Amino acid sequence: MQFVLNGKPTTLSANPAARLIDVLREECLLTGVKEGCGEGECGACTVLIDGEPVCSCIIPAGQVEGTEVVTIEGLGGNHPLQHLFMNEVGAQCGICTPGMIMAAMKLGDAPTLDDIKTALAGNLCRCTGYSAIYRAVLKWKGMPEPDTAGEMSVME
Ligand code: FES
Ligand code: FES
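Values in this document were obtained by computation on a predicted structure and should not be read as measured data.

*Asks:* Where do I start with the nonpolar core in this structure?
*Replies:* Nonpolar side chains tend to gather and get buried jointly when the protein is soluble and globular. Counting residues in hydrophobic clusters, the biggest one holds 40 residues, and the most contacted among them are Leu81, Ile133 and Val137. Elements with a minimum of two residues in this core: helix 1 (20–27), strand 3 (46–49), strand 4 (52–55), helix 2 (80–87), helix 3 (97–104) and helix 5 (130–140). With seven residues, helix 5 is the single largest residue contributor to this core. Every residue in contact with Ile133, bar those within four places of it in the chain, is listed here: Gly90, Met100, Leu120, Cys125 and Thr128.

*Asks:* Teacher, can you tell me more about the domain arrangement of the protein chain here?
*Replies:* For an interface, size is often stated in terms of accessible area lost upon the parts coming together. The domain boundaries assigned to the protein chain delineate domain 1 (2–74) and domain 2 (80–149). Summarising the inter-unit geometry, the C-alpha centres of domain 1 and domain 2 are found 22 Å apart. Looking at the side of domain 1 that touches domain 2, the element that brings in the most residues is strand 3, giving three residues. For the side of domain 1 that touches domain 2, a count of residues per class yields eight nonpolar, five polar and one charged.

*Asks:* Explain the environment of Gln2 to me, please; I cannot follow it from the model alone.
*Replies:* Among the secondary structure elements, Gln2 is positioned in strand 1 (residues 2–5). With 43 residues separating them along the chain, Gln2 and Cys45 place their C-alpha atoms 21 Å apart.

*Asks:* Which parts of the structure should I look at to understand the sheet that holds strand 3?
*Replies:* Strands in a sheet are paired, the pairing made by backbone hydrogen bonds, and the direction either parallel or antiparallel. One open sheet accounts for five strands, arranged 2-1-5-3-4; its pairing is mixed. Each end of this open sheet is capped by a strand with a single partner; those strands are strand 2 (8–11) and strand 4. In this sheet, adjacent strand axes meet at a mean angle of 35° when their direction is disregarded. Inspection of the sheet shows strand 1 paired to strand 2 by four bridges, in the antiparallel sense. Residue pairing in the sheet places Gln2 in a bridge with Thr11 of strand 2.

Definitions and cut-offs
- Residues numbered from 1 in each chain as written.
- Chains lettered and ligands numbered in written order.
- Predicted model: local features only at pLDDT ≥ 70, side-chain atom pairs only at ≥ 80, totals over all residues.
- Core = buried A, V, L, I, M, F, W, Y, C linked by C-beta atoms within 7 Å.
- Buried ≥ 20, exposed ≤ 12 C-beta atoms within 10 Å, placed from the backbone.
- Helix = DSSP H or I, 4+ residues; strand = E, 2+ residues; numbered from the N terminus.
- Contact = placed C-beta atoms within 7 Å.
- Domains from an automatic or database assignment.
- Nonpolar A, V, L, I, M, F, W, Y, C, P; charged D, E, K, R; others polar.
- Pairing = 2+ DSSP bridges.
- Axes fitted to C-alpha atoms, helices over the stretch in contact; angles between N-to-C directions.

In structure tokens:
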């Protein structure tokens, strides 16, 4: 299997039917890719394949042949959104955080709060509360927070 992983041409002899998350974590040692549900429901395992956020727990590794895969490690550890998640307390246990950040990578310039909610709709957080997460992404994009706290709720 040949693909580009976090910017580096990579060749692996992994079983193409293995789950991509397992290959990334166990063979490539990219343990920033987290497993929550293992069923494509929570988004914790989100990576980018050719720029699209996908759940790596439901993708056979063979599907990345010829693609470009980016995991949270590919952001280099010093990405502004990573700092904002820390500064805005957008992470507590941190299991959802890499997936949230990778899902947010697809956002374009000047996203609305609704755009952000949509981009992160497939990513579940059980501890932080979504307003801190949305605030981190809004600040990253240089967008103002809504005037009313209620709008920052995931239930809006
Ligand atoms: S671990 Fe992949 S979607 Fe939950
Ligand atoms: S910070 Fe724990 S699930 Fe989101």
